[in-house]
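Residue-level structure breakdown
These are the residues of each chain, in order.
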Amino acid sequence: MSLIADNLAIVKERMTQAARKSGRDPNAVRLVAVTKTVPIERIAEAGEVDGFVFGENKIQEAQDKIAALGTESYHWHFIGHLQRNKVKYIPGLFELIHSVDNSELAEDIHRHSLKHDLVTPVLIQVNVSGEASKSGVAPSDLEELLEMLVSLSGISVRGLMTIPPFDPDPEKSRRHFAALRKLRDRMQSVNIENITMDELSMGMSNDFEVAIEEGATWVRVGTAIFGARDAH
Ligand SMILES: *Cc1c(COP(=O)(O)O)cnc(C)c1O
């Protein structure tokens, strides 16, 4: 086995243990292997894992990788900041967009998706920590944003995503993950038309186990699988 395949097996085992520890079904937590900046040859070293989900954060880079590796055995998610002039490339390329945080962007995705007769599943990125430098809608504005998306038939809102401030101690992220889950529960009880809140995308290499304990359905893990990224 390659080192990357080994790392992948270890991450999956840790995910399973974290789910069990918190009394959750391990199958309810899925992995986005974050392949941003990782060259195609190294991605392929992970092996042909059927149903593998990869996360990318740049459209051009993702297009090249998707062209090379395909969408048969691999699935692709977009996890980064999405520029509005790149939205036209989105429909049909990604199965889930994790990072929608304003209505203009949502409307663009809706419009371009309809042009291709597609509905694009999205998550709403929430800035739960209130950190000024972070993308994401403020928790207090979330309900209003969701209400604005009700009529957009070209997108399908499936849940929420967050990136807490980096802290070497994963326990420091716990309250942010718990806050996202509580927000999700509240939005679920408001029961907004056409919007489901089943998915919680939270947790990265440093803190994915804590995120799983707090209810993550998607963890986004790069470094723990592919090693440290070169600074870009
Ligand atoms: C890079 C990135 C990740 C993965 O981070 P690691 O610490 O390498 O696991 C997860 N989510 C987003 C949005 C990212 O940009």
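A short tour of the structure in this document, coming up. (Residues numbered from 1 in each chain as written. Predicted model: local features only at pLDDT ≥ 70, side-chain atom pairs only at ≥ 80, totals over all residues. Heavy atoms only, no water.)

**Thoughts on the overall build of the protein chain**
In terms of helices and strands, the protein chain carries 8 helices and 8 strands. Since a compact globule built from 232 residues should have a radius of gyration of about 17 Å, the 17 Å found for the protein chain is in line with a globular shape. The buried share of the protein chain, reckoned over its 232 residues, is 50%. Taking as baseline every contact in the protein chain between residues at least 6 positions apart, the subset at least 24 positions apart corresponds to 61%. (Helix = DSSP H or I, 4+ residues; strand = E, 2+ residues; numbered from the N terminus. Rg over C-alpha atoms; globule rule 2.2 N^0.38 Å. Buried < 20%, exposed > 50% of the residue type's maximum accessible area, 1.4 Å probe, protein only. Contact = heavy atoms within 4.5 Å.)

**Remarks on the packing of helix H5 (residues 142-149) against helix H6 (residues 174-190)**
Where H5 meets H6, the closest approach of the two axes is 11 Å, and the angle between their N-to-C directions is 45°. Comparing their axes, H6 and H5 come out oblique. The interaxial crossing formed by H5 with H6 has right-handed handedness. In contact with Leu142, Glu143 and Leu146 of H5, H6 contributes Leu183, Met187 and Val190. (Axes fitted to C-alpha atoms, helices over the stretch in contact; angles between N-to-C directions. Parallel < 35°, antiparallel > 145°, perpendicular 65-115°, else oblique. Left-handed = near helix turned anticlockwise from the far one by under 90°.)

**Overview of the side chain of His77**
With respect to the helices and strands, the residue His77 is situated in strand E3 (residues 74-78). Given the relative accessible area of 3%, His77 is considered buried. Polar side-chain contacts of His77 include one of 2.9 Å to the side chain of His98. With sequence-adjacent residues up to four places away left out, His77 is seen in contact with Val32, Val53, Phe54, Gly55, Glu56, Phe94, Glu95, Leu96, His98 and Trp218. (Polar contact = N/O pair within 3.5 Å; in protein donor to acceptor, adjacent residues only side chain to side chain.)

**A few points about helix H4 (residues 103-115)**
Relative to the 18 Å expected for 13 residues at 1.5 Å per residue, H4 spans 18 Å between its end C-alpha atoms, a close match to the ideal helical length. If you check which residues of H4 are buried, you get Ser103, Leu105, Ala106, Asp108, Ile109, His110, His112 and Ser113. On its buried face, H4 sits against strand E4 (96-100), strand E5 (120-125), H5 and strand E6 (155-161). Between the side-chain oxygen at the start of H4 and the backbone nitrogen of Glu104 there is a gap of 3.2 Å, and the oxygen is on Asn102. (Expected span 1.5 Å × (residues − 1).)

**Looking at the nonpolar core**
Phe94 and Ile124 are the most contacted members of the largest nonpolar core, which totals 63 residues. Sorting elements by how many residues they give to this core places helix H1 (residues 3-21) first, with 6 residues. (Core = buried A, V, L, I, M, F, W, Y, C linked by side-chain atoms within 4.5 Å.)

**Observations regarding the environment of Ala5**
Relative to the helices and strands, Ala5 is located in helix H1. For the pair Ala5 and Glu48, spaced 43 residues apart in sequence, the C-alpha to C-alpha distance is 9.8 Å. If near-sequence neighbours (up to four positions away) are discounted, Ala5 is found in contact with Glu45 and Ala46.

**Description of the side chain of Arg184**
By the secondary structure assignment, Arg184 is in helix H6. Residue class for Arg184 comes out buried when judged on its relative accessible area of 13%. Separated by 2.9 Å, the side chains of Arg184 and Asp185 make a polar contact. Beyond its immediate sequence surroundings of up to four residues, Arg184 is in contact with Leu160, Met197, Asp198 and Leu200.

**Side note on the environment of Ser151**
Here Ser151 lies in the loop between H5 and E6. A residue is classified by how much of its surface remains accessible, and Ser151, at 58% relative accessible area, is exposed. Counting along the chain gives 76 residues from Ser151 to Gly227, while the straight-line C-alpha distance between them is 42 Å.

**Side note on the pattern of salt bridges**
In this structure the tally under the stated criterion is 13 salt bridges. Between Arg181 and Glu214 there is a salt bridge; the shortest N-O distance is 2.7 Å. One end of the pair, Arg181, is in helix H6; the other, Glu214, is in the loop between helix H7 (208-213) and strand E8 (218-221), with 33 residues separating them in the sequence. Of the residues examined, Arg181 reaches a relative accessible area of 24% and is grouped as partly exposed. Salt-bridge contacts for Arg184 lead to Asp185; the nearest nitrogen and oxygen are separated by 2.9 Å. Given the relative accessible area of 35%, Asp185 is considered partly exposed. Through salt bridges that share partners, Lys21, Glu171, Arg174, Arg181, Glu213 and Glu214 make up one connected network. (Salt bridge = Lys/Arg side-chain N within 4 Å of Asp/Glu carboxyl O.)

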